[in-house]
Amino acid sequence: MNESLVSPPSDMKLLTQGTQTGLWRTLDDVARRGLDVIIALLGALILSPLFILIAILIHRDSPGPVFYWGERIGRNGKPFRILKFRTMYETTDSYSGPRVTGQGDARITPLGQWLRDTKLNELPQLWNVLKGEMSVVGPRPEDRDFAAHWPLEARDVLLSVRPGITSPASVLYRDEEAMLQSGNVVDEYLKVILPSKLRLDLLYVHHRPLLTDLDVIFWTLMALLPQLKTRRVPEHLLFWGPLARFVSRYFSWFMLDLLSAFAAIALTGLIWRSNGPLELGFGLAIGVAFAIALVFGLVNALLGVGRIVWSHADINDAVALAVSTGLTTSVLLLINMLWEPR
């Protein structure tokens, strides 16, 4: 294979700058590892009946082992063996042929083609996640021969994180095999697909908040639906999709409203106690704070205040917040009048 076939993205320098370092990276690694273990354990438990069924089907479909172990390059360049359900015939050609597969590859069994189309052959990699060799979301682990074609400035960035079961590039190129139809699938992969996947993987490593991981998981699951399988996900939504937008616009503000409401109730209780007894109760206080935050969030959503970027807000945005606060207070007073026991 010719190394010149893979040309680095034109914005490579930008994509390789700004990766996390120091304490923040340590905290991020701990949070991601915890999320990976939880998802992998729950996934393995819930999907265990499906694993057994697929194992039986593979055993009946063609002679050979149920699983395939393939060497891949992991974090910090350490090789590991990736685990998949076997999708090829157990023959010499399956091991000596091209490392990538295109449409109509004769080495793939009929059941194996279905497993590849549905991505169910990737599910055993939950074991790699539990072992700490992979993450649920991360750049897809590459074969050693293809990884050797990465530009040097990109290699260190991509290998600084755990490879993943899915990634933004995996979502965008979920029909990769259908795109490889020429006689020389390896050259076509190196010329057309690998550079684009490399750019997406670098963007992911450079911008990888946990919310992005949740969106990638969401798009991966959506891509399994027959109605959405052929639809292309807009690239920008791979890195800041519906879950990230919901959390940033609504959930985070709701939590701030909840904490502010609870603090206000606590302060009111302290002031009230200075003049007389008040036995509101912790549970009721939490409930009232939740109700205040919910009403405030709904009013903000109706008025569009939740969409304001406050670092760029002007006087009109402050007026909108004042109006929202006034409406919320009126609604809460009305609820209190109707709810207050007689």
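Above: the structure in question.
Residues numbered from 1 in each chain as written. Predicted model: local features only at pLDDT ≥ 70, side-chain atom pairs only at ≥ 80, totals over all residues. Heavy atoms only, no water.

Peer 1: Explanation requested: the nonpolar core in the structure shown.
Peer 2: Looking at soluble globular proteins, one finds that nonpolar side chains tend to be buried together. Within the largest apolar cluster, 50 residues are counted, with the highest numbers of intra-cluster contacts made by Ile 58, Phe 85, Leu 115, Trp 150, Tyr 189 and Leu 238. Counting residues per element, this core draws most heavily on helix 10 (residues 185–206), at 12 residues. Ignoring sequence-local partners within four residues, the contact set of Phe 85 consists of Phe 51, Ile 54, Ile 58, Val 66, Phe 67, Tyr 68, Leu 115, Leu 120, Asn 121 and Pro 124. (Core = buried A, V, L, I, M, F, W, Y, C linked by side-chain atoms within 4.5 Å. Buried < 20%, exposed > 50% of the residue type's maximum accessible area, 1.4 Å probe, protein only. Helix = DSSP H or I, 4+ residues; strand = E, 2+ residues; numbered from the N terminus. Contact = heavy atoms within 4.5 Å.)

Peer 1: Looking at this model, I keep getting lost on helix 10. Mind explaining?
Peer 2: Along an α-helix, residues three or four positions apart point the same way, because every turn accommodates 3.6 residues. With 22 residues, helix 10 should cover 32 Å at 1.5 Å per step; its first-to-last C-alpha distance of 30 Å lies within 8% of that length. Of all the bends in helix 10, the largest measures some 40° and sits at Ile 193, one to four residues before the proline Pro 195. The buried fraction of helix 10 is high, at 16 of 22 residues. (Expected span 1.5 Å × (residues − 1). Bend = angle between axes of the 7 residues up to and from the residue.)

Peer 1: Explain the side chain of Asp 36 to me, please; I cannot follow it from the model alone.
Peer 2: Residue placement: Asp 36 occurs in helix 2 (residues 22–61). Of the side chains with opposite charge, Arg 33 lies nearest to the buried Asp 36, which makes no salt bridge, at 4.8 Å. Reaching out from Asp 36, the side chain makes a polar contact with the backbone nitrogen of Val 136 at a distance of 3.2 Å. Look past the residues within four positions of Asp 36 in its chain and what remains in contact with it is Val 129, Met 134, Ser 135 and Val 136. (Lys, Arg positive; Asp, Glu negative; His and termini not counted. Salt bridge = Lys/Arg side-chain N within 4 Å of Asp/Glu carboxyl O. Polar contact = N/O pair within 3.5 Å; in protein donor to acceptor, adjacent residues only side chain to side chain.)

Peer 1: Quick question: what am I supposed to make of the pattern of salt bridges here?
Peer 2: Pairing of side chains with opposite charge becomes possible as their charged atoms draw close. Scanning all chains against the criterion turns up eight salt bridges. The closest approach of N and O atoms between Asp 29 and Arg 75, which form a salt bridge, is 3.1 Å. Linking Asp 29 in helix 2 with Arg 75 in the loop between strand 1 (67–73) and strand 2 (79–85), this pair joins segments that are 46 residues apart in sequence. With its nearest N and O atoms 2.8 Å apart, the salt bridge here joins Arg 107 to Asp 105. Connected through salt bridges with shared partners, the residues Lys 84, Glu 122 and Arg 140 form a single ionic network.

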